2 protein chains.
Amino acid sequence: MEVNGFRIFLLVYLGFSIILSIFRVYKQITIVVVFMSSQEDIQKGFLETVRFDANGLVPAIVQDHETGKVLMMAWMNRESLEMTLEKRKACYWSRSRQKLWLKGESSGNMQDVHDILIDCDGDTLLLKVSQKGGACHVGYHSCFYRRVNEDLSLETCDTLMFNPEDVYGKKS
Amino acid sequence: MEVNGFRIFLLVYLGFSIILSIFRVYKQITIVVVFMSSQEDIQKGFLETVRFDANGLVPAIVQDHETGKVLMMAWMNRESLEMTLEKRKACYWSRSRQKLWLKGESSGNMQDVHDILIDCDGDTLLLKVSQKGGACHVGYHSCFYRRVNEDLSLETCDTLMFNPEDVYGKKS
């Protein structure tokens with residue numbers, strides 16, 4: 001009777017130990033899985049928030065990070081956005097040339113990216129950059145170099161930074 | 001002989017006078033026509049420079065005219081642009097609702113337009129405005145209220161200006 005009682009106690013004890021161990025291991029695994037997936041969520045947080053349009057593009061407004069002056073607007077696909085994040089140099093998708101466009105690759109007028117912001121709908125980006133030279137292919141500091149007067153005529157309101165012919169060569 | 005000479009002189013004089021008068025009137029008409037057409041050109045200068053996309057829309061970046069803070073980006077068709085020019089209150093084309101959208105018509109958060117700039121390609125506008133309340137329908141001052149961290153997580157970086165439920169009502 002005593003031997004049987006001890007055996008039953010031993011079996012119950014072993015059973016509980018095994019169940020407890022399984023539970024502990026499961027808990028540890030769960031914690032690790034939750035941690036990993038949360039890390040993955042944080043990692044993917046931004047890229048999953050971006051809503052590319054039907055052409056796989058998102059507009060990016062480019063602003064001088066010190067003065068707040070708006071320099072240009074360009075379009076990004078996922079690849080150019082990932083390249084921008086990696087290099088911290090602004091990279092766009094050229095809709096006219098249908099290729100990746102590292103800003104400044106021809107002119108040398110690169111953009112160092114200090115900050116990226118995303119809007120409420122996730123369908124527009126705002127890049128805060130420091131612009132080397134001028135942002136505009138016409139030679140101005142900003143692409144927005146023309147202001148609309150009250151009579152709807154246009155007036156130049158920006159500084160010419162370079163001669164486009166010197167930078168891109170003469171148009172034939 | 002003398003009478004004939006006088007007659008010829010008179011005829012020549014009259015001829016010259018008539019030709020001169022015609023020339024003067026023509027010149028006056030030309031000046032008026034050129035002036036009118038130049039006025040028309042100036043009037044149409046801006047609107048003819050805008051390049052609307054295949055959907056008849058152009059993106060408009062909206063910036064605080066004093067601080068330079070970028071508040072939002074919205075789309076304009078020709079009608080909303082003309083309304084903006086007329087009222088000097090920002091008016092857009094709502095792509096989701098497919099109708100004209102006078103900014104602030106529901107929330108009261110109107111945008112007084114101080115300046116309009118156009119980019120080199122004519123396919124993007126920049127509005128410098130004074131924003132009443134917040135620009136964002138979520139309640140923030142700017143739609144760009146989230147900054148991307150280095151680990152690609154998102155961080156709130158703006159001030160909540162109003163409770164959207166108070167402004168737009170509760171979502172059912």
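It should be noted that the structure appears before, not after, this text.
These figures come from a predicted structure and were not determined experimentally.

**Student:** Sorry, what's going on with the packing of aromatic side chains here?
**Tutor:** In this description, an aromatic ring pair is defined by two values, namely the gap between the centres and the angle between the planes. Taken as a whole and judged by the stated rule, the model has seven aromatic pairs over all chains. Ring centres of Trp75(A) and Trp75(B) lie 6.5 Å apart, and the angle between their planes is 45 degrees; this geometry places the pair in the tilted category. In this pair, Trp75(A) is assigned in strand 2 (residues 70-76) and Trp75(B) in strand 2 (residues 70-76), connecting two distinct chains. The two residues Trp75(A) and Trp75(B) agree in class, both being buried. With centroids separated by 4.1 Å and ring planes inclined at 10 degrees, the aromatic side chains of Tyr140(A) and Tyr145(A) adopt a geometry described as stacked. Note on accessibility: Tyr140(A) and Tyr145(A) belong to one class, buried.

**Student:** What exactly am I supposed to notice about the pattern of salt bridges here?
**Tutor:** Side-chain pairs of opposite charge can arise where the charged atoms are in close proximity. Residue and element names in this part refer to chain A. Evaluation of the coordinates by the stated rule reveals ten salt bridges over all chains. The partner of lysine 69 in a salt bridge is aspartate 158, and the shortest N-O contact between them spans 2.7 Å. Here the residue lysine 69 occupies a position in the loop between strand 1 (58-64) and strand 2, and aspartate 158 occupies one in the loop between strand 8 (154-156) and helix 3 (164-168), the gap between them amounting to 89 residues. Lysine 69 gets classed as partly exposed once you look at its relative accessible area, which sits at 29%.

**Student:** Explain helix 2 (residues 78-87) of chain B to me, please; I cannot follow it from the model alone.
**Tutor:** Residue and element names in this part refer to chain B. Of the residues making up helix 2, those classed as buried are Ser80, Leu81, Thr84 and Leu85. For helix 2, the angular spread of the buried residues around the axis is 140 degrees, confining them to a single face. Taken from the residues just after helix 2, arginine 88 is the one with a positive phi, measuring 60 degrees.

**Student:** Mind showing me how you'd approach the sheet that holds strand 8 (residues 154-156) of chain B here?
**Tutor:** For sheets, the rule is that strands pair by backbone hydrogen bonds, running either parallel or antiparallel. Strand order in this open sheet of six strands is 2(A)-1(A)-6(A)-5(A)-7(B)-8(B), and the pairing throughout is mixed. Each edge of the open sheet is held by one strand with a lone partner, namely strand 2 of chain A together with strand 8 of chain B. On average, each strand axis in the sheet is inclined to that of its neighbour by 30 degrees, with strand direction left out of account. Strand direction decides the pairing type here: strand 1 of chain A and strand 2 of chain A, joined by six bridges, are antiparallel. Bridge pairing links Gln63(A) to Val70(A) in strand 2 of chain A.

**Student:** Help me out: how do you make sense of the interface of chain B and chain A in this one?
**Tutor:** It is common to report an interface's size as the accessible area lost on association of the parts. With 42 residues of chain B in contact, the opposing surface of chain A contributes 42 residues. Summed over both sides, the interface of chain B with chain A buries roughly 3400 Å², with 67% coming from carbon and sulfur. Together, Cys120(B), Phe144(B) and Leu152(B) form the three largest contributors to the area buried by chain B at its contact with chain A, with a combined 19%. Summed over the shared surface of chain B and chain A, the number is two salt bridges.

**Student:** Where do I start with a nonpolar patch on the surface in this structure?
**Tutor:** Residues and elements named next belong to chain A. Residues Phe6, Phe9, Leu10, Tyr13, Leu14, Ile18 and Ile22 make up a contiguous nonpolar surface patch of roughly 750 Å² in combined accessible area. Relative to the elements of secondary structure, phenylalanine 9 occurs in helix 1 (residues 2-49). Taking the relative accessible area as the measure of exposure, phenylalanine 9 reaches 51% and is therefore exposed.

**Student:** So what exactly am I meant to see when it comes to the side chain of His141(B) here?
**Tutor:** Residues and elements named next belong to chain B. On the secondary structure map, histidine 141 appears in the loop between strand 6 (125-131) and strand 7 (146-148). A distance of 2.8 Å separates a polar atom in the side chain of histidine 141 from a polar atom in the side chain of lysine 69. For histidine 141, the contacting residues outside a window of four places in its chain are Lys69, Leu71, Gly133, Gly134, Ala135, Cys136, Asp158, Thr159 and Met161.

**Student:** Where do I start with the sheet that holds strand 1 (residues 58-64) of chain B in this structure?
**Tutor:** Sheet architecture is open: six strands sit in the order 8(A)-7(A)-5(B)-6(B)-1(B)-2(B), paired in mixed fashion. Looking at the sheet topology across the chains shown, the edges are occupied by strand 8 of chain A together with strand 2 of chain B. The average angle at which neighbouring strand axes cross in this sheet is 30 degrees, direction not considered. As paired strands, strand 7 (residues 146-148) of chain A and strand 8 of chain A are joined by three bridges and run antiparallel to one another. Bridge pairing links Val148(A) to Leu154(A) in strand 8 of chain A. Its contacts with the sheet put helix 2 of chain B on strand 2, strand 5 (111-118) and strand 6 of chain B, and the angle it makes with strand 2 of chain B is roughly 125 degrees.

Definitions and limits used
- Counting restarts for each chain: residues are numbered from 1 in the order of the written sequence.
- Numbering of ligands from 1 and lettering of chains from A proceed in the order in which they are written.
- Only residues with pLDDT of at least 70 get local features here, since the model is predicted, and only at 80 or more are side-chain atom pairs given and counted; chain-wide, interface and lining totals rely on the full set of residues.
- The side-chain numbers reported here are obtained from all heavy atoms of the structure, hydrogens and water having been left aside.
- Centres within 6.5 Å are what make two rings of Phe, Tyr or Trp a pair, Trp counting through its six-membered ring; a difference in plane orientation under 30 degrees is then read as stacked, over 60 as edge-to-face, and the rest as tilted.
- Secondary structure counts use DSSP, requiring at least four H or I residues in a row for a helix and at least two E residues in a row for a strand, with both numbered from the N terminus.
- Summary of the burial criterion: residues with accessible area below 20% of their type's maximum are buried, those above 50% are exposed, and those between are partly exposed, where the area comes from a 1.4 Å probe applied to protein chains only.
- By definition here, a salt bridge exists when the distance from a side-chain nitrogen of Lys or Arg to a carboxyl oxygen of Asp or Glu is within 4 Å.
- Taking the helix axis as origin, the arc is that swept by the directions to the C-beta atoms.
- Two strands form a pair only when DSSP identifies at least two bridges running between them.
- Lines fitted to C-alpha atoms define the axes here, with helix axes fitted over just the stretch in contact, and angles between the N-to-C directions of these axes take values from 0 to 180 degrees.
- Residues are treated as being in contact if the distance between any of their heavy atoms lies within 4.5 Å.
- Accessible area that two parts lose when put together, with a 1.4 Å probe and added across both, is what the buried area reports.
- Put simply, a patch holds well-exposed residues, over 30% relative accessible area, that have no salt bridge, with like charges counted together within 9 Å and Val, Leu, Ile, Met, Phe, Trp or Tyr side chains within 5 Å.
- The accessible surface values rely on the Shrake-Rupley method and a 1.4 Å probe; as for residues, cover is taken only from the protein chains in view.
- We define a polar contact as two N or O atoms separated by no more than 3.5 Å, with the added condition that, inside protein, one atom must be a possible hydrogen donor and the other a possible acceptor, whereas residues neighbouring each other in sequence contribute only through side-chain atom pairs.

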